[in-house]
Amino acid sequence: MIRFEHLSYRYPGADATILQDLSFEIAEGEFLLVMGPSGAGKSTLLRCLNGLVPHFYGGTVSGEVLVDGRDPVALGPRGMADLVGFVLQDPEAQFVVDRVEDELAFALENQGLPPILMRKRVEEALDQINIAHLRHRSVSTLSGGERQRVAIAAVMTLQPRVLVLDEPTSQLDPQAAEEVLDTLVKLNQDLGLTIILSEHRLERVVQYVDRILYFSGNGQRPILGEPRQVLSQVELTPPLITLAKALDWSPIPLTIKEGRRFARKAARHRPDGNKAPEATPPSQRRNDQPPVLISVKGLGFSYNGHPALQDLSLDVRRGEFVALMGRNGAGKTTLLKQLVGLLRPDQGRVQIVAPTSGAAMDTRKASVEEIIQYVGYVPQNPNALLFNDTVRQELDFTRHGHGLPPGEYEGLLDTLGLTEYASHYPRDLSVGERQRVALASILVAEPQVLLLDEPTRGLDYQQKASLVAFLQRERARGRTIIMATHDVELVANCADRVILLGDGQVVVDGPTRQVMSESLVFASQINKLFRDPALLTVEDALSLYATDAS
Amino acid sequence: MFHTLTWVLWLVAAVVPAFIMRNPLYLALLLGATWLLYTTLGRTTPMGSSWGSFVKLGVFLFALAIPFNALSIHIGQIVLFHLPESWPIIGGPITLEAVIAGAVSGLALLTILVVFAAFNAVVDHYQLLRATPSFLFQAGVVISIAITFVPQMVISAREIRQAQRIRGHRFRGLRDLLPLVIPLLANSLERSIQLAETMEARGFGSAVSLPSRRRALLSQLGLLAALVGVLVGLSLLAFYPQARVWAWLLVAIGVIGMLAFFAFHGRQVKRTRYRRQSWHAPDTVVAVASAISLAIVIVVRLTAPDTFFYSPYPPNSLLPAFDPLVGVALLLLVMPVLVAPRGAAREASNSEPAARDMEHVA
């Protein structure tokens, strides 16, 4: 179906080739996963398939690509549109028309198909992607997952034989990502459509894909092969596979179901001498506890009559690392904005206690400027923050806003791994680096309490791991952190308290181990694998079983 | 319920009298006809919700026009009261005539707004965009994208504003807007590039076949000649009224040349329309009624220009004149209400019933 022959490509103005002498074939009906760190050439490879590279980007190509006998380099994206469907990362930026049905027809109108055929194709695409109920909706009212499915349907109307998706779920929360990936699996299995997908969320798709193409970056040749074979050579993988490799489980389990078999065997041979870490922390006496920094009492808030938070109460003490979890629309972001004074309570009150003086500020009376002396908030989208010419100016801007003199940032930039980018234009950096610049530009004001909103969205495993390391260090230094996230593994690795929100109310509030082991949805992979409240992370499991394995 | 073209014709037939008439009786008749149209057909459509704000604006302008005129124009015999002469502009007698004249101007503004509000309620802007002729389709796509972009821009702007505030930035002067404007622009540009990619990947632009260089040049020269013809014709009309016939002839030839150019260009675009609206018998009825109404108004305007004119100031009478023919013309504008299929309003909210959808497929 698709054949690469000695393909090399260099972006205009770049020193090195990003794709170097690639030769391989993709069979018809194959589901190929393209993975690897950001910037390693995944997107470039995908864009070669429909001619966006080099027609849209310029640059120099050598070698040949053939898709079903057609040459995208010669024909360009317009000539490939009916053969290769292409879906991008950002669900916001792919729509020409505001109404779902018309958006689906857009590509067909461009091809000049007769109206009767168009009607048939649109109906079929609506059914294939299962979005017939959205047909009259306006795109701006759809959720992220629905938008991505509409984007897929909009290319399916052309009845392509190959579907290419460039990180279609990286901007989505896990539930929405699941919707999109399930759709792809269905298209591949029911229609035999050839699918080429680049994706960070391996744990969702790895059991369905036929082969994996791994770009390691650093100019090394990509690896292509069966999932198990490739994953055994790759360093950063989902916890299940990391653990399987560490304990030499073979063949490598791709799903929890497969992993359970090994886990049960391991549990039987569990060495008695090694006790699992305490499931619940020893209870402390009340007056030993550090002081309360944030106190929320009976908080209620609604957006234009839609209640977002209802009668919510919680206290956060100094040095705690709290994870706010819950489905979309449960009120996580609203709560964070309440804590930093961007939103004010309709009912109840939010108090911020100044750690030095112990004076309490009511957010209804204090201004945002006063609150941000103590509370820093990193919004979901780092692009909302960054606008200066260099990373250093970005940090200066925050210092200035806080009325502080420009400082030395070497320490901060170093811990975030940004030293080499200090004089780069922040928007040129990768998603993970941008996220860290945003973090730096809030931390530079030294807030006592740090609020994070979905800090791992769009990050690959490498970037996630470095964020986890950074957050663990910050917690050790005694900074109070409250983080809204969907990322169960991140919570398992960092947080010591989980607050589960539902419908704007606190559903569960307790230590991470306890909450996770009692929940099926909000449990980490390792926890699901062993069904043991003592084991949440790979490190937990390894500390218990390492001697066993040796 | 009706074809978009039918509604456009109706809009023209309703807006022209609203613009040229100052007679309160005609205006009230037109207002009444439009109001009836909205209450029977427009109320239940999704776009109908914007009606209220249009009407509010109209009523506000109406209420503003009365004191404005009454205080600034001091002509008339029926004096209501006096303001001290020493007050600039507003000083002097306040007359009933000036009050009435103000009310009539306000009524005209209100009528224009209500006509557009009713049109807006029965035709949504996507239908209108679909109706753009094919030589303009690129412009149509640009407008469509802009409409799709706006809600995203608003959300994005709010996000950025909040993000900069929590970095301690205060928006006070114009210069302080930079931290808002730069990321907003950068975000929009990044999105535009992505959108361009997806459009390209979906074959946008492949529908335009480029004519040969010579034919393209010829057609452009033709358009230039046509434009020059229209220009010369119009200047002849203005400066040499005796050469009237020749001037009109030139204008006519120019306009025909332009239409030919557009038709030629439209044919270059090999693009089809999804879900063409179909033209039914009621469309013909409404279109003919609108055309007759418009023709009567234009003919009356050309033959007896004073008919639409109304001034309450002496020596004129306070009572406006009324020509039954014009009244009939305006009443023809209620035609959509009379011939609309039953349940049309309900249907409009769903753009087309599902049953008819399936027929088309078969």
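So, how was this worked out
Residues numbered from 1 in each chain as written. Chains lettered and ligands numbered in written order. Predicted model: local features only at pLDDT ≥ 70, side-chain atom pairs only at ≥ 80, totals over all residues. Helix = DSSP H or I, 4+ residues; strand = E, 2+ residues; numbered from the N terminus. Rg over C-alpha atoms; globule rule 2.2 N^0.38 Å. Buried ≥ 20, exposed ≤ 12 C-beta atoms within 10 Å, placed from the backbone. Contact = placed C-beta atoms within 7 Å. Pairing = 2+ DSSP bridges. Axes fitted to C-alpha atoms, helices over the stretch in contact; angles between N-to-C directions. Domains from an automatic or database assignment. Parallel < 35°, antiparallel > 145°, perpendicular 65-115°, else oblique. Left-handed = near helix turned anticlockwise from the far one by under 90°. Nonpolar A, V, L, I, M, F, W, Y, C, P; charged D, E, K, R; others polar.

Next up on the list: the overall build of chain B. Helix and strand content of chain B: 14 helices and 2 strands. Relative to the 2.2 N^0.38 estimate, which gives 21 Å for 362 residues, the radius of gyration of chain B is 26 Å and therefore markedly larger than a compact globule would have. Seen through its principal axes, chain B has C-alpha atoms that stretch 75 × 70 × 55 Å. Relative to its full complement of 362 residues, chain B shows a buried share of 28%. Here the analysis covers contacts within chain B between residues at least 6 apart in sequence; of these, 76% occur between residues at least 24 apart.

Turning to the sheet that holds strand β11 (residues 306–317) of chain A, a few remarks are in order. Residues and elements named next belong to chain A. A sheet is described by the order of its strands in space; here 4 strands give the open sequence β11-β10-β13-β14, paired in antiparallel fashion. Two strands bound the open sheet, and with one partner strand each, they are β11 and β14 (360–362). Each adjacent strand pair in this sheet contributes to an overall mean axis angle of 25°, direction not counted. Across the sheet, helix α12 (residues 332–339) is in contact with β10 (292–303), β11 and β13 (347–353); its angle to β10 comes to roughly 125°.

Chain B puts 47 residues into the contact, and the matching count from chain A is 58 residues. Elements supplying a minimum of two residues to the side of chain B that touches chain A: α6 (137–165), α7 (178–201) and α14 (354–361) of chain B.

We now examine the domain arrangement of chain B. Each assigned domain of chain B is listed here: domain 1 (4–131 + 279–361), domain 2 (134–201) and domain 3 (213–268). The centre of domain 1 of chain B, based on its C-alpha atoms, is set 34 Å off from the matching centre of domain 3 of chain B.

Quick look at the packing of helix α2 (residues 24–42) of chain B against helix α11 (residues 324–331) of chain B now. All names here are of chain B. At their nearest, the axes of α2 and α11 sit 9 Å apart, and the two run at 20° to each other. Classified by the angle between their axes, α2 and α11 sit roughly parallel to one another. With respect to the hand of their crossing, α2 and α11 are arranged in right-handed fashion. Between α2, through Y26, L29, L30 and A33, and α11, the contact on the second element is made entirely by V326, G327, L330 and L331. Of the residues that constitute the contact of α2 with α11, the class distribution is 7 nonpolar, 1 polar and no charged.

Moving on, we get to the domain arrangement of chain A. Residues and elements named next belong to chain A. For chain A, the domain assignment lists domain 1 (2–234) and domain 2 (292–524). On a C-alpha basis, the centres of domain 1 and domain 2 stand 34 Å from each other. Contacts between domain 1 and domain 2 engage 9 residues on the former and 11 residues on the latter. Within the side of domain 1 that touches domain 2, the residues separate by chemical class into 2 nonpolar, 6 polar and 1 charged.

Attention now goes to unusual backbone geometry. In this structure, the amide linkage connecting V53 of chain A to the following residue, P54 of chain A, adopts the cis form with an omega of 5°. The residue P54 of chain A is located in helix α2 (residues 52–55) in this model. Residues P314 of chain B and P315 of chain B are joined by a peptide bond in cis, for which omega reads 10°. Despite not being glycine, D21 of chain A shows a phi value in the positive range, around 50°. Take D21 of chain A: it is sitting in strand β2 (residues 19–26). Of the residues examined, D21 of chain A has 13 C-beta atoms within 10 Å and is grouped as partly exposed. Of note in this structure, D311 of chain A is not a glycine but carries a positive phi near 40°. One can find D311 of chain A in strand β11.

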